[in-house]
Amino acid sequence: MSSHHIVKEKQEPALYIDGLGNFSEEFLGQLLEWSPTLLVSGENYDKIISLGLKVDVLVNGTDQEVQEDTKVIQGPVDPFMVAVNYLYEEKYPAVNVIAKKFDLEKFAGFEDKINLVVFTERAKHYPIRSGFSVWKPAGSEFLIHGNRYIEVTNLAQNEEEIFIVVKDGFVEFTFSGQPIFISEPI
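The model shown is predicted, which means the values in this text are computed figures rather than measured ones.

**Observations regarding the confidence of the model for the protein chain**
Part 1 of the argument: In the predicted model, the protein chain carries a mean pLDDT of 91, and 95% of its residues have values of at least 70.
Part 2 of the argument: In this model, residues 1-5 is a region of pLDDT below 50 whose contacts with residues beyond four sequence positions or in other chains number zero contacts.

The following block contains the structure:
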């Protein structure tokens, strides 16, 4: 007997939609490609189900009628914090978040709980630890959030405080203290 049910084993990052805004539906489709657990804030729920998506968890929803098998979780704080705490308690190792804008104060502080990548309309934002390195082609861009002392290799800063990869190869970030967030265009 064969089964066509999708088993969600927390191998893929969960996807939490905090604010869809003008986020590309094509890129949304890519994030949903491996059928992650889908969490949606109450204010985005109607839009998401209008796209024909199955929502697994509704976060801080009000009086919405929910799809069958949709779990509803409520919390006294920002829906993002409720969602991340839920995922942490359920032992999810990672989450992709779609937000209208990146707010460092909102997203910082969760690096030790869960692997977090925040997608906005034009960029992806993620925390790194000192020693992080990644191969990038020349001309690739990074924005480094916060204003602490950081050493970088193979990067040059332009007038807009954007760091540009000088030549094809590895880029490395070295600093002391807590993880920092960097952003790159998508």
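Now that the structure has been shown, the text picks up again.
**Regarding the pattern of salt bridges**
Part 1 of the argument: Enumeration according to the criterion identifies four salt bridges in this entry.
Part 2 of the argument: Across the pair D112 and R129 runs a salt bridge whose closest N-O atoms are separated by 2.9 Å. Of this pair, D112 sits in the loop between α4 (104-107) and β6 (115-119) while R129 sits in the loop between β7 (123-128) and β8 (133-136), placing them 17 residues apart in sequence.
Part 3 of the argument: Using a relative accessible area of 47% as the deciding quantity, one classes R129 as partly exposed.

**Regarding the nonpolar core**
Part 1 of the argument: I17, L28, L38, F142 and F173 are the most contacted members of the largest nonpolar core, which has 30 residues in total.
Part 2 of the argument: Leaving out residues up to four positions away in the same chain, L38 has contacts with L15, I17, L32, I48, L53, K54, V55, D56 and V57.

**What to know about the packing of aromatic side chains**
Part 1 of the argument: Taken as a whole and assessed by the stated rule, the structure comprises ten aromatic pairs.
Part 2 of the argument: By way of ring pairs, the aromatic residues Y16, F80, F102, F107, F110 and F181 are connected into one cluster.

**Structural notes on the sheet that holds strand β14 (residues 180-185)**
Part 1 of the argument: Pairing is mixed across the open sheet formed by eleven strands, whose spatial order is β4-β3-β2-β1-β5-β6-β7-β14-β9-β12-β11. Every interior strand has two partners, whereas the edge strands, β4 (71-73) and β11 (155-157), have only one. Taken pair by pair, the neighbouring strands of this sheet meet at an average axis angle of 25°, ignoring direction.
Part 2 of the argument: By the bridge criterion, three bridges tie β11 to strand β12 (residues 162-165) in an arrangement that is antiparallel.

**Structural notes on the sheet that holds strand β10 (residues 151-153)**
Part 1 of the argument: Taken together, the three strands give an open sheet; going across it, the order is β8-β13-β10, and neighbouring strands pair in antiparallel fashion. Two strands bound the open sheet, and with one partner strand each, they are β8 and β10. When the angles between neighbouring strand axes are averaged without regard to direction, this sheet yields 20°.
Part 2 of the argument: Of the pairings in the sheet, the one linking β10 to strand β13 (residues 169-174) comprises three bridges and is antiparallel in character. Paired with V152 across the two strands is F173, which belongs to β13.

**Quick word on the environment of S176**
Part 1 of the argument: Considering the arrangement of structural elements, one finds S176 in the loop between β13 and β14.
Part 2 of the argument: Judged by relative accessible area, S176 falls into the exposed class, the value being 59%.
Part 3 of the argument: Sequence spacing of S176 and R148 is 28 residues, and the spatial spacing of their C-alpha atoms is 9.1 Å.

**Quick notes on the pairing of β13**
Part 1 of the argument: Judged from the four bridges that link them, β8 and β13 form a sheet pairing that is antiparallel. The residue of β13 that forms the bridge with W135 is F170.

Rules used in this analysis
Residues numbered from 1 in each chain as written. Predicted model: local features only at pLDDT ≥ 70, side-chain atom pairs only at ≥ 80, totals over all residues. Heavy atoms only, no water. pLDDT = per-residue confidence, 0-100. Contact = heavy atoms within 4.5 Å. Salt bridge = Lys/Arg side-chain N within 4 Å of Asp/Glu carboxyl O. Helix = DSSP H or I, 4+ residues; strand = E, 2+ residues; numbered from the N terminus. Buried < 20%, exposed > 50% of the residue type's maximum accessible area, 1.4 Å probe, protein only. Core = buried A, V, L, I, M, F, W, Y, C linked by side-chain atoms within 4.5 Å. Phe/Tyr/Trp six-rings, centres within 6.5 Å; stacked < 30°, edge-to-face > 60°. Pairing = 2+ DSSP bridges. Axes fitted to C-alpha atoms, helices over the stretch in contact; angles between N-to-C directions.

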